[in-house]
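Coordinates in review
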Amino acid sequence: MAILRNDLNGKRKRGDYEQVKNTGFGNEMNVVLGGGFAGLAAGYVLAKAQKKVAVVEKDPVFGGLSRTIKHDGFKFDLGGHRFLTKDIKIENFVKDLMSDGYLVVPRTSQIYMRGSFFDYPLTPTNALFGMGIPTTAHILYDYFKEIIGSKINPREIISLEDWVVSKFGRKMFDLYFKQYSEKVWGIDCKEISAEWVANRIKGLSMWEAIKNALVKFSGKEITTLADQFLYPNNGIGVISDAMSSRIAAAGGNSLMTGTNVTRINCEKFRIKSVDVENGQDRDSLHGGNFLSSIPLPELVKLMNPAPPADIVAAADQLSYRDLTVVTVMLDCDRATDLTWMYLPEKDIAVGRIHEPKNWSPHMAPEGKTSIVAEYFCFKGDNVWNSSGEELTGTTVGCLKKLGFVKDSEVLGTCIVRVPKAYPLFSVGFREPLNKIMNYLKNFDNLKVIGRTGTFDYLNMDLAIKSGIDAAEEVLDVNSGKFAGAGASGEINT
């Protein structure tokens, strides 16, 4: 079978594949569905242990959301992807993959709102005077009012709005969290689950933010306040490139890009094979173990025979947020001094921007730079369906308004649309998710891994860890039943 590969323009090219594939893999084959960080980490651990691996990826290159695009001499990630972890095993695993070197990058982030720039995390000046003394006083009043009120009359925390108000007060929620959260997720904050925000910014509250602003070392244990991170010299895609290269170098393995899974064939709660296609080519991959990082609802709906109706209905209740990335190439050495800027206000279409050259000087040609703008969207909405010219005009207009670019500096743009970038955690998502996970537990040769595969907002280090853990479970002959209940093999309730 000749596996085809897509170029960035979606055109098919023959002969551009890692290795010639053969049909009829036996039960010794470990089939990995999805070639993002989790899938590649699993494949690499298995290949390193001299186990046969087949990795199937629908995109033209590996890496998923954590890949680096190269365009006209510029490099950029699909949104900035910083690497930081408290797990020394994962840190050493990733450092080993960054063979061309890496940088320790100081974080310099700001929020733009109400016509002003605010440092994030807060600095003492911003904490006390950034929004003016009356607004700051109102924020602090609302915060202490909420703390006292919650002790007198505790209330149930269901939504993101409930959680943020309880931790920061109503005024801070209205000023920043409401607008930015609704821009990111596309739904009202009352409809976003508190479980997501509680896990995403675990340990953060108004008091912790103020302490971190006044005594900088106090927030080091809170990930969202981290003031530095690791980053490969040539973009985050270096990590996925290294893993896929090492899988190929192990020999006897199969790396398939531009390849879709069309059916997952099951028998008595075991997966027997998966059907795949690439253009006009079709194949069936047989294996003993299957590790899936493809979107969880898709996994359910690809199963043949189909799962019970209630499981399919549960899959229909889980959805994802999509992403459109517009990178503006510039004829200047630097446009900002920031790693990130957050843009919460609704009258600005862009949600977040970053300048790759501030992460690594190797991300742009000498004397030039670029700015990456992220639009959070749903497939089929106005942003997703906008033409390249419209997106370029909107993005350049936004950057000019912020004072970062001039028309004469714009060399061109590169636009990438990313479906199913983030699991959408609406209120009530946990019940259908647990129902699916309980069903998948019955399959003794399936493991779901990664952010989209487990429907969990895993940071980069945890996505990699989920793949490593799954592979190590395969390798452990004493591990008992190999069950797909989530990244850790457990179901959270």
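Please refer to the structure higher up on the page.
Everything in this summary refers to the structure shown in the same document.

Parameters and conventions
- All residue numbers here refer to positions counted from 1 along the written sequence of the relevant chain.
- Two thresholds apply to this predicted model, a pLDDT of at least 70 for residue-level local features and 80 or more for giving and counting side-chain atom pairs, whereas whole-chain, interface and lining totals are computed over all residues.
- Excluding hydrogens and water, the side-chain values take into account all heavy atoms of the structure.
- Between rings of Phe, Tyr and Trp, where Trp is taken as its six-membered ring, a pair exists when centres lie within 6.5 Å; planes separated by under 30 degrees are stacked, by over 60 edge-to-face, and by other angles tilted.
- Numbering of helices and strands runs from the N terminus; a helix is a DSSP stretch of H or I covering at least four residues, while a strand is a stretch of E covering at least two.
- Should the NZ of a Lys or the CZ of an Arg lie within 6 Å of a ring centre and within 35 degrees of the ring normal, that charge is described as sitting over the ring.
- For every residue, the accessible area obtained with a 1.4 Å probe (protein chains only) is divided by the maximum for its type, and the residue is called buried under 20%, exposed over 50%, and partly exposed between those limits.
- Any two residues whose heavy atoms approach within 4.5 Å are treated as being in contact.
- Salt bridges are defined by distance alone: a side-chain nitrogen of Lys or Arg within 4 Å of a carboxyl oxygen of Asp or Glu.
- Patches here are clusters of residues that have more than 30% relative accessible area and form no salt bridge, with a 9 Å joining cutoff for like charges and a 5 Å cutoff for nonpolar side chains (Val, Leu, Ile, Met, Phe, Trp, Tyr).
- Residue burial considers only the protein chains on display, and all accessible areas are found by Shrake-Rupley using a 1.4 Å probe.

**Points about the packing of aromatic side chains**
Applying the stated criterion across every chain, the model contains 24 aromatic pairs. Taking the centre distance of 5.8 Å and the plane angle of 50 degrees together, the rings of Y44 and F93 count as tilted. Here Y44, found in helix α1 (residues 37-48), pairs with F93, found in helix α2 (residues 88-97); they are 49 residues apart in sequence, far enough to count as distant. A ring pair is formed by W185 and W196, whose centres lie 5.2 Å apart and whose planes are at 75 degrees; its orientation type is edge-to-face. With W185 in helix α6 (residues 170-185) and W196 in helix α7 (residues 194-200), this pair connects stretches of sequence that are 11 residues apart. Ring-pair connections join several aromatic residues into one group, and the members of that group are F168, Y176, F177, Y180 and Y342. Over the face of the ring belonging to F378 we find R321, whose NZ or CZ atom lies 4.2 Å from the ring centre. In this structure, R451 is placed above the aromatic ring of Y457, and the distance from its NZ or CZ to the ring centre is 4.0 Å.

**Observations regarding helix α14 (residues 430-440)**
What α14 keeps buried is the set P432, L433, N434, I436, M437, Y439 and L440. Among the structural elements, α10 (296-302), β16 (303-304), α11 (309-316), β22 (446-448) and α15 (450-454) are those in contact with the buried residues of α14.

**A word on the pattern of salt bridges**
In total, this model carries 20 salt bridges according to the counting rule given. Here E91 ties to K95 by a salt bridge, and the two come within 2.7 Å at their closest N and O atoms. In this pair, E91 and K95 are both assigned in helix α2, 4 residues apart and thus about one turn of the helix distant. Residue classification places K95 among the partly exposed residues on the basis of a relative accessible area of 28%. One salt bridge connects E161 with K190, and the closest N-O pair in it is separated by 3.2 Å. Of the two residues, E161 sits in helix α5 (residues 160-168) while K190 sits in the loop between α6 and α7, which places them 29 residues apart along the sequence. On the accessibility criterion, K190 (55% relative accessible area) is exposed.

**Some remarks on a nonpolar patch on the surface**
Side chains of L140, F144, I148 and I152 sit close together on the surface and give an oily, nonpolar patch of about 410 Å² of accessible area. Under the relative-accessibility criterion, F144 is labelled partly exposed at 47%.

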